[in-house]
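Coordinate analysis (summary)
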Amino acid sequence: MNPKQTSTAGVPIMDAEAIRRALRRIAHEIIEGNPNRESVVLAGIPSRGVELARRIAAFIREIDKTDVDTGVIDVAMHRDDVGTRK
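Since the structure is predicted, the reported quantities are computational estimates derived from the model, not experimental observations. (Residues numbered from 1 in each chain as written. Predicted model: local features only at pLDDT ≥ 70, side-chain atom pairs only at ≥ 80, totals over all residues. Heavy atoms only, no water.)

**Focus: the side chain of Thr-66**
Mapped onto the elements of the fold, Thr-66 is located in the loop between helix H2 (48-64) and strand E2 (69-72). Taking relative accessible area as the criterion, Thr-66 reaches 14% and is therefore assigned buried. Polar contacts involving the side chain of Thr-66 include one to the side chain of Asp-64, which spans 2.5 Å. Among all residues touching Thr-66, those that are not within four sequence positions of it are Arg-37, Ile-60 and Arg-61. (Helix = DSSP H or I, 4+ residues; strand = E, 2+ residues; numbered from the N terminus. Buried < 20%, exposed > 50% of the residue type's maximum accessible area, 1.4 Å probe, protein only. Polar contact = N/O pair within 3.5 Å; in protein donor to acceptor, adjacent residues only side chain to side chain. Contact = heavy atoms within 4.5 Å.)

**Some remarks on H2**
Here H2 is 17 residues long and its end C-alpha atoms lie 24 Å apart, about the 24 Å a rise of 1.5 Å per residue gives. Buried within H2 we find Val-50, Ala-53, Ile-56, Ala-57, Phe-59 and Ile-60. As for H2, its buried residues are in contact with helix H1 (16-33), strand E1 (41-44) and E2. Following H2 by one or two positions, Lys-65 adopts a phi angle in the positive range, close to 60°. (Expected span 1.5 Å × (residues − 1).)

**Points about the environment of Asp-74**
By the secondary structure assignment, Asp-74 is in the segment after E2. For the pair Asp-74 and Ile-45, spaced 29 residues apart in sequence, the C-alpha separation works out to 6.7 Å.

**Here's the deal with the nonpolar core**
Leu-23, Ala-27, Ile-30, Ile-31, Val-40, Leu-42, Ala-53, Ile-56, Ala-57, Phe-59, Ile-60 and Val-68 form the largest nonpolar core, which has 12 residues in total. In terms of residues, this core owes the most to one element, H2, which gives five residues. Among all residues touching Leu-23, those that are not within four sequence positions of it are Leu-52, Arg-55, Ile-56 and Phe-59. (Core = buried A, V, L, I, M, F, W, Y, C linked by side-chain atoms within 4.5 Å.)

Just geometry here; none of it tells us what the structure is for.
So, in C-alpha cells, the structure goes:
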C-alpha cells in the first residue's frame, strides 16, 4: 500500500442514525414530489434494496399516514454473472 493512501476498510461512512436520517429525508422528498401517493410503489432489488424500500415506506406511513406499496424487482435474468452465481 502506498504510504499516502490509507485504508478505509472497517471505517463506517454513515452510522445507523445517519442512515435513518437519510431514509427519512428520502421519504419526505417522495411525499413532497408525489401528491397522489396512492399511485406510488417503492420497488427494490434483492436483497438490500427491498429492505430500503420497506424502510422508506414505513417512514412515509409514519410521516403522512399513507400506505405505499412495496415490491421486488427480479433482475436475475439481466445479470451478466447468471451462470456463475450460487
